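Now for the letters of each chain:
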Amino acid sequence: MRKLFALMCMVYTMSIFAGERETIWPADKMPDRQEHQIAAMTDEVESGNFEADKHRVAYIEWFAKPDKKVRKGVCMILISGGSYNNCCDVGLIKKWSEELTAIGVQCVNFVYRTPRPKALPIYQTAWEDGQRAVRMVRSEAKKRGFDPEKIGVVGMSAGSHLGLLLATSSQTPAYNRIDKIDDLPCHINWAILNAPAYVTSDAEAGTPASRQGYGVDVTLSKVFKFDSKTCPISFHHGGADVYSPNGSTKAYLQLRRMNIPTELHIYPDKPHGAFGFERAIEFMTQMGYLGKVAEEVDLMSRFTNDDAREKVIVEDVWPEGKMPDEQQGQCKPYMEWHFPKTLKTKAIQIIYSGGAYMRNGTTGFEVAPARRYLNEKGMTVVTMQYRTPRPSKESGLSKFATAWEDLQRCIKIVRSKAAAYGLDANRIGIMGSSAGGHLTLMGVTSSSHQAYLPIDNIDKVPCNVQWGVAIYPAYSLTDGVSDINTGGGNGDDAILVPEYSFDLNTVPTLFLHGDADKHSPMSSVRAWEKMRAMGIQSELHTLATRSHCFQRTASPGTGSYTFLDRIWDFLTVKQYNK
């Protein structure tokens, strides 16, 4: 009966997809059948000859097998959004299927019942369909040549809400067993969730987030169980989405508390939509879902020369005898102007390294590759060595005090000399890693606070910048002020440190952080959330399984390998590099 019904559906379809369809329920066994519901993509519904009674049962639609030469033995279930009122993402399903099939992934389109059921939660019938669909897909793994424990989902909006249910709540039955298919497990092995809707408690009734996902009484929706079969997830969300990106940050935190590798990608100024699918491919590559992860390559070996640089000018940060809080044993601070051979932007990027405020330098992997990369893009780069090691305990100064003085002075020098070099004094950004990331967040959130007494006319110049790039910032949460985050940065009491004042000059920032970093990625997430609460659109990327210094060596095809491109993308989106 089920096969006959599937054949009838294939006869009447007008879909752009030419896949093999299978209804997922026996015609008389579908739970919670409601007469107003159909199962069809909107291109079929709008085709002009749609007959609703022939499209009542949810179905899966198999796309063609990938070419044998690239086949990976994995399967992805594609889930459209549409507010649980329709399945409208025809273009996205087509895009995902084409891109995934090309790299060797078997794809299957899953079409669930819509519009929303009556007198039931808005997701209930879709969730029933979803659990059944996963079981159907798993049952055909051997026949179709993929591993039954390598099944992922990719969804959009309501489809991502459903994907999050499938990823976190498979141990809660959505319906009662009807046949032997239901003896198979319905967990999935990973999920790619684009703009998941209804995830916060101010939106779980099926509306945009009424309070934008903010407030001490706004929580992660309790419909998600986060059970023992919860799988790794890659979240992708627009920073200006009315279906709040805070839903993704809250779900990310819960997965961290469970020690489940997860990625979080938030795109500034982007509305409701699907962005950065290439990041999803990198996530699957890093996790090994697409085969063995390639051997890691040393970053310094990829950026070995200064062919794109025209000249270097070196200068001291402080005039002789004028350096504030001079400490015996600290290195001398200086800065280097690296001018590109072909100037393509008047913007300036200041870069410095980390080193626990015990050491730092301008020639290592946290500085030189980024400097060479940006020179190749036609941007002027200023590298800075700030004073380390830390001030003595006897001085009473914080570990970052002299470095902060050096940074403020460096920014003022760059601003005061920019015009003389044909550059824009109002397009200056700062970038640092680890302790340097902490220093960057000082620079972007607290520039209104004077770090030292003025010593000359240069100090009449403001030290605020226009953007920041914070790479695995350390010492940013109260459970990791001195060293690593003792609670993983995951506790409610792990709040941002007070030196980040988030003053009125706070600027958009790009955050890049390893998900497995002992200096918790929640440092970056909490700072991103704070900036969003201020109306500042920043960008955030965490990288699954990656620790501190994620970029030092990295596998081709992963986010740790392409991280420099995220910097240029951010500058381009924000138009800082024009």
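Description of the structure in this document. (Residues numbered from 1 in each chain as written. Predicted model: local features only at pLDDT ≥ 70, side-chain atom pairs only at ≥ 80, totals over all residues. Heavy atoms only, no water.)

Looking at the overall build of the chain
Then comes step 1: Across its full length, the chain holds 14 helices and 18 strands.
Then comes step 2: In terms of overall dimensions, the chain is globule-like: its C-alpha atoms have a radius of gyration of 26 Å, near the 25 Å expected for 578 residues.
Then comes step 3: Overall, the chain is about 90 × 50 × 40 Å in size when its C-alpha atoms are taken along their principal axes.
Then comes step 4: Looking at the 578 residues of the chain, the share that counts as buried comes to 62%.
Then comes step 5: For the chain, contacts bridging at least 24 residues in sequence account for 80% of all contacts bridging at least 6.
Then comes step 6: Total accessible area on the chain is roughly 21,700 Å²; 52% of this is exposed by carbon and sulfur atoms. (Helix = DSSP H or I, 4+ residues; strand = E, 2+ residues; numbered from the N terminus. Rg over C-alpha atoms; globule rule 2.2 N^0.38 Å. Buried < 20%, exposed > 50% of the residue type's maximum accessible area, 1.4 Å probe, protein only. Contact = heavy atoms within 4.5 Å. Areas by Shrake-Rupley, 256 points an atom, 1.4 Å probe, with all protein chains shown as cover.)

Concerning the packing of aromatic side chains
Where two aromatic rings form a pair, the distance of their centres and the angle of their planes describe that pair.
Then comes step 1: Tallied over the full model, the rule gives 24 aromatic pairs.
Then comes step 2: Through a chain of ring-to-ring contacts, the aromatic side chains of Tyr84, Phe110, Tyr112, Tyr198 and Tyr243 assemble into a single cluster.
Then comes step 3: Over the ring of Trp62 we find Arg144; its NZ or CZ atom is 4.0 Å from the centre of that ring.
Then comes step 4: In this structure, Lys399 is placed above the aromatic ring of Tyr475, and the distance from its NZ or CZ to the ring centre is 4.7 Å. (Phe/Tyr/Trp six-rings, centres within 6.5 Å; stacked < 30°, edge-to-face > 60°. Lys NZ or Arg CZ within 6 Å of the ring centre and 35° of its normal.)

Points about the pairing of strand S7 (residues 233-238)
It is a general feature of regular strands that their side chains alternate between the two faces of the sheet.
Then comes step 1: In terms of residue burial, S7 counts as a mostly covered element, since 6 of its 6 residues are buried.
Then comes step 2: Here S7 shows two buried faces, one formed by Ile233, Phe235 and His237 and the other by Ser234, His236 and Gly238.
Then comes step 3: Alignment of strand S6 (residues 190-194) against S7, held across 4 bridges, turns out to be parallel. When the sheet's bridge partners are listed, Ile192 is paired in S7 with Ser234.
Then comes step 4: Here S7 runs beside strand S8 (residues 262-267); their pairing, made up of 6 bridges, is parallel. What sits directly across from His236, in S8, is His265.
Then comes step 5: Taking the sense of rotation as the criterion, the β-α-β connection linking S7, helix H7 (residues 246-257) and S8 turns out right-handed. (Pairing = 2+ DSSP bridges. Right-handed = clockwise from strand over helix to strand, strands pointing away.)

Topic: the state of the cysteines
Then comes step 1: Summed over the entire model, instances satisfying the criterion amount to 0 disulfides.
Then comes step 2: Cysteine Cys186 shares no disulfide, and the gap to the nearest cysteine sulfur, in Cys231, comes to 12 Å. (Disulfide = S-S within 2.5 Å.)

Some points on the side chain of Arg256
Then comes step 1: Looking at the secondary structure, you find Arg256 in helix H7.
Then comes step 2: Given the relative accessible area of 10%, Arg256 is considered buried.

A short note on helix H13 (residues 522-533)
Then comes step 1: The first and last C-alpha atoms of H13 sit 16 Å apart over 12 residues, in line with the 16 Å expected at 1.5 Å per residue.
Then comes step 2: The buried fraction of H13 amounts to 10 of the 12 residues, a majority that puts the element mostly inside the structure.
Then comes step 3: Looking at the packing, one finds that the buried side of H13 touches H7, S8, helix H12 (435-445), strand S16 (509-514) and strand S17 (539-543).
Then comes step 4: Note on H13: the residue one or two positions beyond its end, Gly535, has a positive phi of about 85°. (Expected span 1.5 Å × (residues − 1).)

So, helix H3 (residues 90-102)
Then comes step 1: If you check H3, its first and last C-alpha atoms are 18 Å apart, about what 13 residues at 1.5 Å a residue would give, namely 18 Å.
Then comes step 2: Among all positions in H3, only Val90, Leu92, Ile93, Trp96, Ser97 and Leu100 are buried. Buried positions in H3, seen along its axis, are confined to an arc of 160° and lie on one side of it. Exposed residues on H3 whose side chains face more than 90 degrees from its buried face are Gly91 and Ala102.
Then comes step 3: Elements that come into contact with the buried residues of H3 comprise helix H2 (42-45), strand S3 (75-79), strand S4 (106-111), strand S5 (151-156), S6 and helix H8 (277-287).
Then comes step 4: Positioned one or two residues after H3, Gly104 has a phi angle of 100°, which is positive. (Arc of directions from axis to C-beta.)

Considering the nonpolar core
Then comes step 1: One finds Leu100 and Met284 to be the most contacted residues of the largest nonpolar core, which totals 138 residues.
Then comes step 2: Counting residues per element, this core draws most heavily on helix H11 (residues 401-417), at 7 residues.
Then comes step 3: If we skip the residues at most four places from it in the chain, Leu100 touches Met76, Leu78, Val105, Cys107, Phe277, Ile281 and Met284.
Then comes step 4: In this structure, Ile351, Val367, Trp467 and Phe550 belong to the second largest nonpolar core, which totals 27 residues. (Core = buried A, V, L, I, M, F, W, Y, C linked by side-chain atoms within 4.5 Å.)

With respect to the environment of Glu326
Then comes step 1: Within the secondary structure, Glu326 is located in the loop between strand S10 (309-316) and strand S11 (334-340).
Then comes step 2: The exposure class assigned to Glu326 is exposed, which follows from its relative accessible area of 57%.
Then comes step 3: Between the C-alpha atom of Glu326 and that of Pro391, which follows or precedes it by 65 residues, the distance is 8.8 Å.

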